[in-house]
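So the chains spell out like this:
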Amino acid sequence: MPKKIAKLPLSKTHPKLAKEAFGWDPTEFYRSYRWKVEWKCTLGHIYSASIESRTHMSSGCYFCGGKRVFAGFNDLESKFPQFFDSNSPSQRVGGKVSKKFNNVKHEYPMYSLDNSYSKEDLDNFNTRIIKKIPNSDLTYLCELKFDGVSINLTYENGLLVRAVTRGDGVQGDDVTENIKTIKTIPLKLKGNYPKKFQIRGEIFIELNDFNRMNNDRIEKGLDTYMNPRNTASGSLKLQDSSEVAKRPLKCFLYQVVSENDDSKTQYENLISASNWGFNVSNSFKLCSSIEEVFDFIKSWDKKRNNLDFEIDGIVIKVNQIDYQKTLGFTSKYPRWSIAYKFKTLQVSTVLLSVSYQVGRTGAITPVANLNPVLLGGTIVKRASLHNEDQINKLDLHLNDHVLIEKGGEIIPKIVDVQIDKRNLFSNRISFINKCPSCQADLSKNESESHHYCLNFNSCPPQITGRIQHFISRKAMDINGIGNETILLMFQNKLITNYADLYTLKKEDLLSLDRMAEKSVENVFNGLNESKKIPFERVLFALG
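If you're wondering where the values come from, they're calculated on a predicted model, not measured in any experiment. (Residues numbered from 1 in each chain as written. Predicted model: local features only at pLDDT ≥ 70, side-chain atom pairs only at ≥ 80, totals over all residues. Heavy atoms only, no water.)

## Structural notes on the overall build of the protein
And step 1. Tallying secondary structure elements over the protein gives 19 helices and 18 strands in all.
And step 2. A total of 543 residues make up the protein; the buried ones form 45% of that total.
And step 3. By sequence separation, contacts in the protein at least 24 residues apart represent 67% of the contacts at least 6 residues apart.
And step 4. Within the structure as shown, the protein displays about 28,900 Å² of accessible surface, and the carbon and sulfur contribution to it stands at 49%. (Helix = DSSP H or I, 4+ residues; strand = E, 2+ residues; numbered from the N terminus. Buried < 20%, exposed > 50% of the residue type's maximum accessible area, 1.4 Å probe, protein only. Contact = heavy atoms within 4.5 Å. Areas by Shrake-Rupley, 256 points an atom, 1.4 Å probe, with all protein chains shown as cover.)

Right, here's the structure in full:
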C-alpha cells in the first residue's frame with residue numbers, strides 16, 4: 001500500500017456504498033477504489049499539478065485510466081443515490097443543467113474599488129489613511145488586480161456550499177454547480193479553517209488556454225472568442241455544468257471575509273487561505289511605505305506582459321485588519337483599499353458619423369460611429385460622446401482620426417483628435433435640435449449638460465424604454481419578457497405603457513413572430529409572479 005494513501009481521511013459515505021453494493025470491507029474499498037479516483041486520477045493529481053506543480057504522476061493516468069475509473073464511480077453513485085456526496089470528485093465533471101440562476105443577496109456587500117492613475121493619487125490615498133491611522137506600524141499589502149470575473153465562495157465545515165457572482169455588489173447569481181467544475185477551487189478544505197467563512201476571488205482563463213480554445217474553434221469553422229474575460233464570464237452562465245467543465249477556467253482567491261476572523265493581517269489571511277487549499281497567487285508583497293508600493297507598481301507595469309493571464313493594475317490594501325475596520329467603507333468603496341490602474345491601451349481610428357440615442361427620460365446621447373478597430377480584445381465600432389459639451393471640447397469633425405480607449409477598461413471613449421491628419425474641408429459636428437425619433441424640438445436647461453425630448457407620451461424610444469425599465473431585474477423582474485419582446489409588442493400596438501402588460505391576451509401574443517405556445521406561457525407566468533414584488537421595487541419600476 002503506498003504511503004500517501006494512509007494520509008487520506010476516511011470517506012463518510014462511499015465506504016457504506018461499497019459494502020452494500022459489493023460486500024466489500026469499507027476501508028479496503030476506500031483504499032483501493034476511492035483512492036484511485038480522488039488521488040491518482042482526479043483530486044490528487046489535479047491538485048498537485050494545478051496548485052503545487054508536482055509531477056509525481058504521468059498525464060496518461062488522468063486522460064486514460066482516470067476516465068475509466070470515473071465511469072465506474074459515477075455508475076455506483078447512480079445506483080445508490082442514498083449515499084451521494086455533494087463533494088464527490090464526480091462533481092468536477094459537471095452534468096447538472098440550470099434553467100435559471102437564482103438571485104442571492106450577498107451576506108457582505110461586494111464593494112467596488114476606488115481607482116487611482118498616478119503617484120499623486122496614491123499619495124492622496126496615503127494621506128487620508130495616515131490622518132485616521134497615524135501609527136508607525138501601518139503597512140500595505142499589494143496584490144495583482146486580475147482581469148477576470150469576481151466570485152464569492154461560502155464554506156461551512158470545510159465544504160463548499162455556495163458560489164455567487166458579484167452582480168451589482170448587493171446581489172448576484174448562484175452559480176455553485178458551475179463553480180464546482182473548476183479544479184483550482186477546492187470542494188473540501190484541509191487544515192485548521194473557520195467553521196464558516198467566505199472567500200472572494202477572480203475566475204479567469206490563461207492566455208495559452210484561450211489561444212488553444214480559439215485554434216480549436218478555427219479548425220471546426222466556428223467564430224473565435226473575443227477575449228479571455230468575456231469568455232470566462234459567459235462560461236459561468238452556461239446552463240449545462242458539463243459544458244463548463246470543458247472550459248479551462250481557473251481561479252485566484254484573495255480576500256477572506258468572516259465575522260470570526262482570527263487573523264490580524266491581510267498577509268496572514270492569504271497564507272492561511274493557501275494552507276487550506278486555495279489557489280493564492282504568490283505575487284503579493286508587503287510594503288512599509290507608499291514609496292515601496294509605487295516601486296512594486298512600476299516593476300509589475302514592466303513585467304505584466306510576461307504573465308500568462310491578464311491584469312489591469314495593482315490592488316493596494318491596508319494590511320492590518322483592525323485598521324481596516326477603523327477606516328470602514330463609503331457607500332461605494334472600502335476606505336482601506338484602492339486600485340492603481342495601468343495606463344489603458346489607446347488605438348487610432350476614423351470617426352465616420354455621429355448618431356443620437358433617446359433614453360427613457362428623453363435624454364439625448366450622441367454616439368460616435370467609428371471605423372471598426374480591435375481594442376483590448378474586442379472590436380470597437382462605437383463610442384459614447386456623452387453630450388454636446390464633449391463634442392465641442394474635442395472639436396470633432398467628420399472623418400477625424402481619433403484616439404480611443406476603454407474608460408475604466410469597459411466603455412470605449414474618444415480621448416483625443418489627431419488634428420494633423422484632419423482634412424481641411426471636413427465638416428464640424430453640430431448637435432441636433434430635433435428628436436431623432438419623433439422630430440419634436442429638443443430642450444436644454446442651462447444648468448444641465450443634456451438635451452431632452454419633451455414628447456413624453458408619444459416618443460417611441462421613451463415609451464419602450466420606460467417599459468423595458470419596468471420589466472428589468474432590479475424592478476419588476478418579469479421573466480419571459482425581454483427588451484426585444486417589448487419592442488415587438490409596441491410595434492404591433494399591443495402595449496403603449498407598462499399597465500398594458502397586465503391586460504394582454506394569449507391570442508394576441510400567439511400572432512406575433514417567434515412567439516410559440518411555450519413562450520407565451522412564460523410571459524404570463526412572469527407577469528403573475530411580478531405581482532408578488534415588494535412595493536419599494538414597484539416604486540423603482542415606475543421611476
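Let us keep going from here.
## Quick notes on the pairing of strand β11 (residues 337–341)
And step 1. Counting buried residues in β11 gives five out of five residues, a clear majority hidden from the surface.
And step 2. Side-chain alternation along β11 places Ser337, Ala339 and Lys341 on one buried face and Ile338 and Tyr340 on a second face that is also buried.
And step 3. Bridge count for strand β2 (residues 115–116) against β11 is two bridges, and the pairing is parallel. Within β11, the position partnered with Ser116 by the bridge is Tyr340. (Pairing = 2+ DSSP bridges.)

## Things to note about the packing of aromatic side chains
And step 1. Tallied over the full model, the rule gives 19 aromatic pairs.
And step 2. Ring geometry for Tyr111 and Phe329: centres 4.5 Å apart, planes at 20 degrees, overall stacked. One end of the pair, Tyr111, is in the loop between β1 (103–105) and β2; the other, Phe329, is in the loop between α13 (321–327) and β11, and 218 residues separate them in sequence.
And step 3. Taking 5.7 Å as the distance between ring centres and 10 degrees as the angle between the ring planes, the aromatic pair formed by Tyr155 and Phe197 counts as stacked. Separated by 42 residues along the polypeptide, Tyr155 in strand β4 (residues 149–156) and Phe197 in strand β7 (residues 196–205) bring together distant segments of the chain. For the pair formed by Tyr155 and Phe197, the shared burial category is buried. (Phe/Tyr/Trp six-rings, centres within 6.5 Å; stacked < 30°, edge-to-face > 60°.)

## A short note on the environment of Pro460
And step 1. Residue position: Pro460 is located in helix α15 (residues 460–471).
And step 2. For the pair Pro460 and Arg360, spaced 100 residues apart in sequence, the C-alpha to C-alpha distance is 9.3 Å.
And step 3. Not counting the four nearest positions on each side in its chain, Pro460 is found in contact with Ser437, Cys438 and Phe490.

## Concerning the environment of Glu517
And step 1. Within the secondary structure layout, Glu517 lies in helix α18 (residues 517–530).
And step 2. Beyond its immediate sequence surroundings of up to four residues, Glu517 is in contact with Lys506 and Leu510.
And step 3. Of the polar contacts made by the side chain of Glu517, one reaches the side chain of Lys506; its length is 2.5 Å. (Polar contact = N/O pair within 3.5 Å; in protein donor to acceptor, adjacent residues only side chain to side chain.)

## Thoughts on the pairing of strand β12 (residues 347–358)
And step 1. Looking at chain direction, β12 and strand β13 (residues 363–375) are connected through seven bridges and run antiparallel. By the bridge assignment for β13, Val354 is matched with Ala368.
And step 2. Connecting β12 to the antiparallel partner β13 that follows it, the hairpin turn spans four residues, and Gly362 within it adopts a positive phi of roughly 95 degrees.

## Remarks on unusual backbone geometry
For residues that are not glycine, phi is negative in most cases, and the peptide bond is trans in most cases.
And step 1. Despite not being glycine, Asn399 shows a phi value in the positive range, around 65 degrees.
And step 2. Following the sequence through the fold, Asn399 ends up in the loop between α14 (388–394) and β15 (401–407).
And step 3. Under the relative-accessibility criterion, Asn399 is labelled partly exposed at 47%.
And step 4. A positive phi is found at Asp477, a non-glycine position, where the angle reads about 50 degrees.
And step 5. With respect to the secondary-structure elements, Asp477 resides in the loop between α15 and α16 (483–491).

## Side note on the confidence of the model for the protein
And step 1. Put simply, the protein has an average pLDDT of 83, and 80% of its residues get 70 or more.
And step 2. Counted against residues more than four places away or in other chains, residues 1–72, with its pLDDT under 50, gives 106 contacts. (pLDDT = per-residue confidence, 0-100.)

## A look at a nonpolar patch on the surface
And step 1. A surface patch of nonpolar side chains, amounting to about 280 Å² of accessible area, comprises Met226, Leu374 and Ile379.
And step 2. Summarising the element assignment, Leu374 is placed in strand β13. (Patch = residues over 30% accessible without salt bridge, like charges linked within 9 Å, V, L, I, M, F, W, Y side chains within 5 Å. Salt bridge = Lys/Arg side-chain N within 4 Å of Asp/Glu carboxyl O.)

## As for helix α9 (residues 228–236)
And step 1. Of all the residues in α9, the buried ones are Pro228, Thr231, Ala232, Ser235 and Leu236. One side of α9 carries all its buried residues, which in axial view fall inside an arc of 135 degrees.
And step 2. Buried residues in α9 make contact with β4, α7 (176–179), β7, α8 (207–219), α10 (241–244) and β8 (249–257).
And step 3. You can read the cap of α9 off the contacts: a side-chain oxygen lies 3.3 Å from the backbone nitrogen of Arg229, and it is on Asn227. (Arc of directions from axis to C-beta.)

## With respect to the pattern of salt bridges
And step 1. Enumeration according to the criterion identifies 23 salt bridges in this entry.
And step 2. Two residues, Lys434 and Asp441, come together in a salt bridge whose shortest N-O distance is 2.6 Å.
And step 3. You can call Lys434 partly exposed: its relative accessible area is 37%.
And step 4. It is possible to trace a salt-bridge network through shared partners that takes in Glu206, Asp209, Arg212 and Lys250.

## Describing the environment of Gly328
And step 1. Turning to its location among the elements, Gly328 is positioned in the loop between α13 and β11.
And step 2. Setting aside chain neighbours within four positions, we find Gly328 in contact with Pro334, Arg335 and Trp336.

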